[in-house]
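Listed below are the residues making up each chain.
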Amino acid sequence: MSDNVVIIGSGFAARQLVKHIRKLDAHLPVTLIAGDSADEYNKPELSHVISRGQHADDLTRQTGAAFAQAFNLTLHAHTQVTSLDPQRKTVSGGGQTWAYSKLVLATGARARILPVPGGEDMITLNSQAEFRRYATRLFDARRILVVGGGLIGCELAMDLCRAGKQVTLVDKAPSILPALLPVHLSAPLHCALTKAGVTVLTGQQLHCIEPHADGLRISLEKGIQFSVDDVISATGLQPETTLARQAGLAVNQGIQVNQKLQTSDPAIFALGDCAEINGQCLPYLQPGQLSALTLAQNLTGQDVALSLPPALVKVKTPLLPLQLAGQPLREDLHWKIAVTTNGMAAQGYDNDETLCAFVASEERIPESFGWLRQLAGA
């Protein structure tokens with residue numbers, strides 16, 4: 001069999017991979033198998049669609065068919081791959097089988113759903129297709145509970161509030177953005193959400209959701225009860241590893257890969273939200289972009305190791321935007337914090353006075369790019 005690449009998945013990382021491959025090799029046979037339409041859209045925009053009054057089709061930038069034509073690939077849309085045979089180097093689904101010389105798993109991640117009574121009907125907004133499915137419910141709802149005070153939960157809560165909804169944000173952690181920031185640095189965003197009208201309940205665990213004459217009755221574990229019209233789950237992402245596990249590939253949190261993006265099978269690679277790199281799953285645009293470039297080089301005959309500089313994380317909450325990088329949760333850091341009416345600038349240093357993390361908000365954000373170069377050792 002001549003060299004060919006089969007890609008499973010059509011998200012940001014997969015599309016970037018195709019674009020980089022074509023810059024390096026115009027003729028390498030590429031087949032892309034997508035469970036959805038493979039239309040291109042900007043996934044981060046899902047956190048802002050309600051206040052903008054957008055609908056799912058408004059997000060489409062390029063159809064899957066146009067993408068396939070533009071980048072000379074064979075597209076199988078709306079096709080679920082159900083089996084992977086590493087020995088025969090084949091994948092199958094929808095009554096078809098495809099042979100590969102190199103396979104890329106770009107299967108993404110699915111939204112986690114808390115295992116609570118009534119939780120099966122919670123809304124998730126992890127794709128354009130999910131937004132299309134739930135848009136009417138979201139636009140019609142007056143009172144919405146957002147479960148999860150992380151990056152997406154905070155962005156959704158602020159967007160829904162700006163759209164005129166009555167929003168409650170619940171997280172079991174003692175503060176919002178618990179996986180990104182210590183409490184003293186997430187506090188300004190907590191205050192901004194509260195000032196905007198969001199009810200923020202931290203240190204609270206969702207207990208159950210029950211149908212009620214007044215909509216849905218929400219019960220938290222500490223006895224708090226209230227009614228809403230709908231519930232959004234924003235409790236994080238679970239890398240999609242089903243195919244990899246069935247095929248016997250090494251899987252931990254995500255599909256484990258080396259610095260060349262190879263899995264435990266050297267002919268199979270993983271990319272994007274499903275991949276675990278150096279023990280970490282990195283569901284951000286910058287790692288996805290750099291990984292796609294590295295993998296494209298390796299798929300077209302080069303031998304390149306992935307190098308990831310400190311990633312800049314953007315919290316897109318318009319009333320108080322944040323940017324951060326480094327290791328802000330390290331307990332050994334001492335912080336230099338300046339807060340003015342123009343925003344916050346916080347820098348975390350270790351005992352050697354080496355910059356290890358920073359957080360900037362509002363008009364102080366432009367300063368973060370210089371700090372990012374310091375983190376990278378530039």
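If you're wondering where the values come from, they're calculated on a predicted model, not measured in any experiment.

Student: Can you walk me through the packing of aromatic side chains in this structure?
Tutor: How two aromatic rings sit relative to each other is set out by the distance from centre to centre and by the angle between their planes. One pass over the structure, following the stated rule, counts two aromatic pairs. For the pair Phe67 and Phe71, a centre-to-centre distance of 5.1 Å together with 45 degrees between the ring planes defines the contact as tilted. An identical accessibility class is assigned to Phe67 and Phe71; each is buried. Across from the ring centre of Tyr349, 4.7 Å away, lies the NZ or CZ of Lys336, which sits over that ring.

Student: How should I be thinking about the packing of helix α5 (residues 151–162) against helix α6 (residues 183–196) in this particular structure?
Tutor: The axes of two packed helices give the description: the angle between them and the distance between them. Between α5 and α6, whose axes approach to 10 Å, the crossing angle comes to 25 degrees. With respect to each other, α5 and α6 are oriented roughly parallel. α6 is crossed by α5, and the crossing has left-handed handedness. Every residue of α6 that contacts α5 at Cys154, Ala157, Met158 and Cys161 is listed here: Leu189, Leu193 and Ala196.

Student: In this structure, what is going on with helix α1 (residues 12–24)? I would like to understand it.
Tutor: Residues spaced three or four apart along an α-helix face the same direction, because each turn holds 3.6 residues. Between its first and last C-alpha, α1 extends 19 Å over 13 residues, near the 18 Å set by a 1.5 Å rise per residue. Among the residues making up α1, those that are buried are Ala13, Ala14, Arg15, Gln16, Leu17, Val18, His20, Ile21 and Arg22. Buried positions along α1 lie against β1 (5–8), β2 (30–33), α3 (64–70), β7 (102–105) and α8 (285–299).

Student: Just to check I follow, could you spell out the domain arrangement of the protein chain for this structure?
Tutor: The accessible area lost on association of the parts is a frequent measure of interface size. Here the protein chain is partitioned into domain 1 (5–108 + 240–300), domain 2 (111–236) and domain 3 (321–377). Computed from C-alpha atoms alone, the centre-to-centre distance between domain 1 and domain 3 is 33 Å.

Student: Looking at this model, I keep getting lost on the pairing of strand β15 (residues 230–233). Mind explaining?
Tutor: It is a general feature of regular strands that their side chains alternate between the two faces of the sheet. Neither face of β15 is left uncovered, since the one carrying Asp230 and Ile232 and the one carrying Val231 and Ser233 both have all their residues buried. Across four bridges, the pairing between strand β9 (residues 143–147) and β15 is parallel. Bridged to Ile144 within β15 is Asp230.

Student: Quick question: what am I supposed to make of the sheet that holds strand β4 (residues 83–85) here?
Tutor: Pairing between the strands of a sheet is mediated by backbone hydrogen bonds and can be parallel or antiparallel. Sheet architecture is open: three strands sit in the order β4-β5-β6, paired in antiparallel fashion. The open sheet is flanked by β4 and β6 (96–99), the only strands paired with a single partner. Ignoring strand direction, the axes of neighbouring strands in this sheet form an average angle of 20 degrees. Across three bridges, β4 lies against strand β5 (residues 90–93) in antiparallel orientation. Each bridged residue has a counterpart across the sheet, and for Leu84 the counterpart in β5 is Val91.

Student: Where do I start with the pattern of salt bridges in this structure?
Tutor: Two side chains that carry opposite charge are able to pair once their charged atoms sit near each other. In this structure the tally under the stated criterion is 13 salt bridges. Asp57 serves as the salt-bridge partner of Arg132, at 2.7 Å between the closest nitrogen and oxygen. With Arg132 in helix α4 (residues 128–140) and Asp57 in the loop between α2 (49–52) and α3, the pair connects residues that are 75 residues apart, well separated along the chain. Looking at Asp57, the relative accessible area reads 57%, which means it is exposed. Ionic pairing is found between Arg88 and Asp85, a salt bridge with its closest N-O pair at 2.9 Å. The structure contains a network of salt bridges with shared partners spanning Arg15, Lys19 and Glu40.

Student: Even after reading the chapter, I still don't get the UniProt feature "domain: FAD/NAD(P)-binding" (unreviewed entry) in the protein chain, so can you show me in this structure?
Tutor: UniProt tags residues 4–278 as "domain: FAD/NAD(P)-binding" (unreviewed entry). Here residues 4–278 is 25% helix and 28% strand, with 28 Å between the C-alpha atoms at its ends.

Student: Hey, could you run me through the side chain of Thr168 in this one?
Tutor: Tracing the backbone through its elements, the reader meets Thr168 in strand β10 (residues 166–171). In this structure, Thr168 is in contact with Ile144, Leu145, Val146, Thr199, Leu201 and Phe226, ignoring residues within four places of it in sequence.

Student: It is not clear to me how the side chain of Glu40 should be interpreted in this structure. Could you clarify?
Tutor: Positionally, Glu40 belongs in the loop between β2 and α2. Accessibility expressed as a relative area gives 15% for Glu40, which makes it buried. Once residues within four sequence positions are removed from consideration, Glu40 is found in contact with Arg15, Lys19, Leu59, Thr60, Arg61 and Gln62.

Student: Is there a simple way to explain the pairing of β6 in this structure?
Tutor: Summarising the sheet, β5 and β6 pair through four bridges and their orientation is antiparallel. By the bridge assignment for β6, Thr90 is matched with Ala99. The hairpin turn running from β5 into β6, its antiparallel successor, is two residues long, and Gly94 in that turn takes a positive phi close to 60 degrees.

Rules of the game
- Residues numbered from 1 in each chain as written.
- Predicted model: local features only at pLDDT ≥ 70, side-chain atom pairs only at ≥ 80, totals over all residues.
- Heavy atoms only, no water.
- Phe/Tyr/Trp six-rings, centres within 6.5 Å; stacked < 30°, edge-to-face > 60°.
- Buried < 20%, exposed > 50% of the residue type's maximum accessible area, 1.4 Å probe, protein only.
- Lys NZ or Arg CZ within 6 Å of the ring centre and 35° of its normal.
- Axes fitted to C-alpha atoms, helices over the stretch in contact; angles between N-to-C directions.
- Helix = DSSP H or I, 4+ residues; strand = E, 2+ residues; numbered from the N terminus.
- Parallel < 35°, antiparallel > 145°, perpendicular 65-115°, else oblique.
- Left-handed = near helix turned anticlockwise from the far one by under 90°.
- Contact = heavy atoms within 4.5 Å.
- Expected span 1.5 Å × (residues − 1).
- Domains from an automatic or database assignment.
- Pairing = 2+ DSSP bridges.
- Salt bridge = Lys/Arg side-chain N within 4 Å of Asp/Glu carboxyl O.
- UniProt positions renumbered as here; feature names shortened; annotations may be inferred.

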